[in-house]
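# Architecture at a glance
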Amino acid sequence: MLTRQRGSAVRRPSHYGNGETQVHLRGLLTENLNLNLERSGATAATCGSGVTYGRPAPLESARWWARNTEAGAVSGPVGWPCRSMTQSVVVQVGQCGNQIGCCFWDLALREHAAVNKKGIYDEAISSFFRNVDTRVVGDGGTISKGKICSLKARAVLIDMEEGVVNEILQGPLRDVFDSKQLITDISGSGNNWAVGHKVFGSLYQEKILEKLRKSAEHCDCLQCFFIIHSMGGGTGSGLGTFLLKVLEDEFPEVYRFVTSIYPSGEDDVITSPYNSILAMKELNEHADCVLPIDNQSLFDIISKIDLMVNSGKLGAAIKPKSLVTSSTGVFKKRQEKPFDAMNNIVANLLLNLTSSARFEGSLNMDLNEISMNLVPFPQLHYLVSSLTPLYTLADVNIPPRRLDQMFSDAFSKDHQLIRADPRHSLYLACALMVRGNVQISDLRRNIERLKPSLQFVSWNQEGWKTSLCSVPPVGHSHSLLALANNTCVKPTFIELRERFLRLYKKKAHLHHYLQIEGMEESCFTEAVSSLSALIQEYNQLDATKSMPVEDLPRLNVAM
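Residues numbered from 1 in each chain as written. Predicted model: local features only at pLDDT ≥ 70, side-chain atom pairs only at ≥ 80, totals over all residues. Heavy atoms only, no water.

- Under an unreviewed UniProt entry, the protein chain has the name Tubulin epsilon chain and belongs to Bos mutus grunniens.
- According to the UniProt record, the Sequence similarities (unreviewed entry) comment for the protein chain reads "Belongs to the tubulin family."
- Comment text from UniProt for the protein chain, heading Subunit (unreviewed entry), reads "Found in a complex with TEDC1, TEDC2, TUBE1 and TUBD1." (UniProt positions renumbered as here; feature names shortened; annotations may be inferred.)

Here is the structure:
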């Protein structure tokens, strides 16, 4: 049995590496490893918070890495101290989860290849990828050191419809995924949480466990499961939250970080309020940290940037190809629902979140430190996130004013990934994860500058957690991810409850759920009660905003 104290990582017993548990993997990673776009001459568009996102010409990965192994190439800044890296497994559930996951793996490959010029399989790459020798027949092809042969994502792909997973397997990332780590069905969950949770959960529980165990066996130091799913659909909300309970039972010491995409008020799934409320109860009970992301906020961010570009307000301060646009390499007008660009923003959030776990820096923040420092109470584990900049500055020499603006933007409502204004709400804690050419003095100066305008709970006035990662995202000189445990998340939950009650008071569409074995009307009442209790906890915290900060006496040490 794998055990650890909370805050450390689960290490694999040595017998896991005997070759008997390894999976036979085939194929070389092709076009998505060509990250050095300028050297290769590939065209690039943008994605997420400005990371270069292009479709380079197909190029066999082994040749790309070999070409960049010339004398003088370095794999990272000289003098980095060595430390034992941990591994994480990404579990993509449903259509939304798999589409975001596809963007994440694409960007992760580009980011590592931009840093690792020698093509050596190092600890940073091992965080999310295995190195496999495809020439080995059987289950002994995993390579822990040396040259990169073929990279396989530490991922489990789950969807009860085949469409999105089949697209991934036929696309440029097809060789990144191990076919034995996929679980699909044909019928889908029909936008019904009960079908995903009760029907497919029971039907696929053993198969899901098998895939998760296999992924864990491939890790030397498993620290976290990242679950990516949507709240409004049937598979993402139902099977995605069923998975949380499975992970808690099977891997109780491994962290569970959940990226949950919340539906907007104009969502075209009528039953999304039911699905979201039922899923919320599971998130409250079985997740360690939840990053709620609002579809409408993503759409608003992209629309605002497009409006500024088309109006010429940004002028020469940005490059057209550094915006959140399509991946075709040519800037074009935004479609009505720019799902690709929206997914890229979320993918960049995950990359920045894990940057300290993958790369070295002067101030590292491990994933366990996020939960330890930002979650003071078990159920208040919802972290509001913001990314900045959302485009790449043309001038890589950052003047202090522009750097300071990046910190200011991280706390403005226009950069939040849910519709919220944290400045006017109460902070329980806040983490700043900075990447690139930023000094500790810059970080401290901006915290002191912003502190007077931010209200923290009286018992945690110094509730800041910071990290500095030396490696910036591709296409950036610097970036900032802010994670806030803030009561500003409460309006999102209140609106969700109101939408639920409008349907539930009329018992509309309820029969679709109650006809599923194991579903009773009490499931709905318990779920909305759980959400109401969560909202009440935030209300109690908000009630303390007007309380004076206690000037606690310092401990006097007798000499």
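## Looking at the packing of aromatic side chains
- Applying the stated criterion to the full structure yields 25 aromatic pairs.
- Centre to centre, the rings of tyrosine 274 and tyrosine 513 are 5.5 Å apart; their planes meet at 90°, and the pair counts as edge-to-face. Within this pair, whereas tyrosine 274 is found in helix H8 (residues 272-286), its partner tyrosine 513 is found in helix H16 (residues 510-514), the two being separated by 239 residues in sequence. Summarising the burial analysis for this pair, tyrosine 274 and tyrosine 513 share the class buried.
- Measuring from centroid to centroid gives 5.8 Å for phenylalanine 377 and tryptophan 459, while their planes differ by 75°, and the two rings are edge-to-face. With phenylalanine 377 in the loop between helix H12 (367-374) and strand S13 (384-388) and tryptophan 459 in the loop between strand S15 (455-456) and strand S16 (464-469), this pair connects stretches of sequence that are 82 residues apart.
- Given a relative accessible area of 36%, phenylalanine 377 falls into the partly exposed group.
- Of the residues examined, tryptophan 459 reaches a relative accessible area of 47% and is grouped as partly exposed.
- One aromatic cluster in this structure is built from Phe104, Trp105, Phe128, Phe129, Phe177, Phe226, Tyr255 and Phe257.
- Of note, lysine 507 hangs over the ring of tyrosine 504, and the distance from its end group to the ring centre comes to 4.0 Å. (Phe/Tyr/Trp six-rings, centres within 6.5 Å; stacked < 30°, edge-to-face > 60°. Helix = DSSP H or I, 4+ residues; strand = E, 2+ residues; numbered from the N terminus. Buried < 20%, exposed > 50% of the residue type's maximum accessible area, 1.4 Å probe, protein only. Lys NZ or Arg CZ within 6 Å of the ring centre and 35° of its normal.)

## Quick look at the pairing of S13
- Across the five residues of S13, five count as buried, placing the element largely inside the fold.
- A two-sided burial pattern is seen for S13, the buried positions comprising Val384, Ser386 and Thr388 on one face and Ser385 and Leu387 on the other.
- Judged from the five bridges that link them, S13 and strand S17 (residues 478-486) form a sheet pairing that is antiparallel. Considered in S17, the bridge of serine 386 is made with alanine 482. (Pairing = 2+ DSSP bridges.)

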